[in-house]
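Each chain is listed here by its residues.
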Amino acid sequence: MTLTIEKPEEEKLLRRVARSRGLTPNALIFALLQEAEAQQAQESAFNKNIARNAALLSEAKLRQIWDTPEDAAAWSHL
């Protein structure tokens with residue numbers, strides 16, 4: 001993979017940060033990408049849990065609304 005940094009000051013900053021961490025610029029970029037991917041996976045898992053918990057918490061209320069004779073009659077002819 002080839003990366004091109006168009007602004008010389010940004011390339012200097014990248015090299016300086018990489019050097020301060022004892023890495024090559026490519027290794028720093030790779031480490032930052034891995035960190036971002038790990039954070040995204042963590043956020044995705046968190047969001048999945050929120051959605052699941054919301055569904056479970058609303059189940060009892062939805063049952064009150066849907067499990068009625070009126071609802072059963074409305075669906076019986078479909």
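Residues numbered from 1 in each chain as written. Predicted model: local features only at pLDDT ≥ 70, side-chain atom pairs only at ≥ 80, totals over all residues. Heavy atoms only, no water.

A.B. asks: So what exactly am I meant to see when it comes to the overall build of the protein here?
C.D. replies: Helix and strand counts for the protein stand at 3 helices and 0 strands. For the protein, the N- to C-terminal ordering of α and β elements is α-α-α. Taking 78 residues into account, the globule formula puts the C-alpha radius of gyration at 12 Å, and the protein, at 26 Å, lies well above it. Taken over the C-alpha atoms alone, the protein extends approximately 70 × 25 × 20 Å along its principal axes. Looking at the protein as a whole, 5% of its 78 residues qualify as buried. Carbon and sulfur atoms make up 58% of the accessible area of the protein, which totals about 7,200 Å². (Helix = DSSP H or I, 4+ residues; strand = E, 2+ residues; numbered from the N terminus. Rg over C-alpha atoms; globule rule 2.2 N^0.38 Å. Buried < 20%, exposed > 50% of the residue type's maximum accessible area, 1.4 Å probe, protein only. Areas by Shrake-Rupley, 256 points an atom, 1.4 Å probe, with all protein chains shown as cover.)

A.B. asks: Any chance you could explain a nonpolar patch on the surface here in plain terms?
C.D. replies: Where nonpolar side chains cluster on the molecular surface, the patch consists of L62, I65 and W66 and spans about 310 Å² of accessible area. With respect to the helices and strands, L62 occurs in helix α2 (residues 25-66). Given the relative accessible area of 32%, L62 is considered partly exposed. (Patch = residues over 30% accessible without salt bridge, like charges linked within 9 Å, V, L, I, M, F, W, Y side chains within 5 Å. Salt bridge = Lys/Arg side-chain N within 4 Å of Asp/Glu carboxyl O.)

A.B. asks: Please explain the packing of helix α1 (residues 8-20) against α2 as it appears in this structure.
C.D. replies: When two helices pack together, their arrangement is given by the angle between their axes and by how far apart the axes lie. Interaxial distance between α1 and α2 falls to 8 Å at its minimum, and their mutual angle equals 85 degrees. One way to sum up the angle between α1 and α2 is to call them roughly perpendicular. Taken together, the residues of α2 that come into contact with α1 (itself represented by L14, R15, V17 and A18) are P25, L28 and I29. (Axes fitted to C-alpha atoms, helices over the stretch in contact; angles between N-to-C directions. Parallel < 35°, antiparallel > 145°, perpendicular 65-115°, else oblique. Contact = heavy atoms within 4.5 Å.)

A.B. asks: What is the right way to read α2 from this model?
C.D. replies: Within an α-helix, residues lying three or four positions from one another point in the same direction, as the helix has 3.6 residues per turn. Relative to the 62 Å expected for 42 residues at 1.5 Å per residue, α2 spans 59 Å between its end C-alpha atoms, a close match to the ideal helical length. The principal kink in α2, of about 40 degrees, is found at E59. (Expected span 1.5 Å × (residues − 1). Bend = angle between axes of the 7 residues up to and from the residue.)

A.B. asks: For this particular structure, what's the right way to read the pattern of salt bridges?
C.D. replies: Oppositely charged side chains may form a pair once their charged atoms are brought near each other. This model, assessed by the stated rule, comprises 2 salt bridges. Taking the shortest distance from any N to any O, the salt bridge between E59 and R63 comes out at 3.2 Å. Of this pair, E59 and R63 are both found in helix α2, 4 residues apart, which corresponds to roughly one turn of the helix. R63 sits in the partly exposed class, given a relative accessible area of 43%.

A.B. asks: Can you walk me through the confidence of the model for the protein in this structure?
C.D. replies: A low pLDDT score tells you not to read the predicted coordinates there in detail. The predicted model of the protein averages 89 in pLDDT, with 99% of residues at 70 or higher. Looking over the protein, one finds the lowest element-wise mean pLDDT in helix α3 (residues 69-76), namely 87, and the highest in α1, namely 93. (pLDDT = per-residue confidence, 0-100.)

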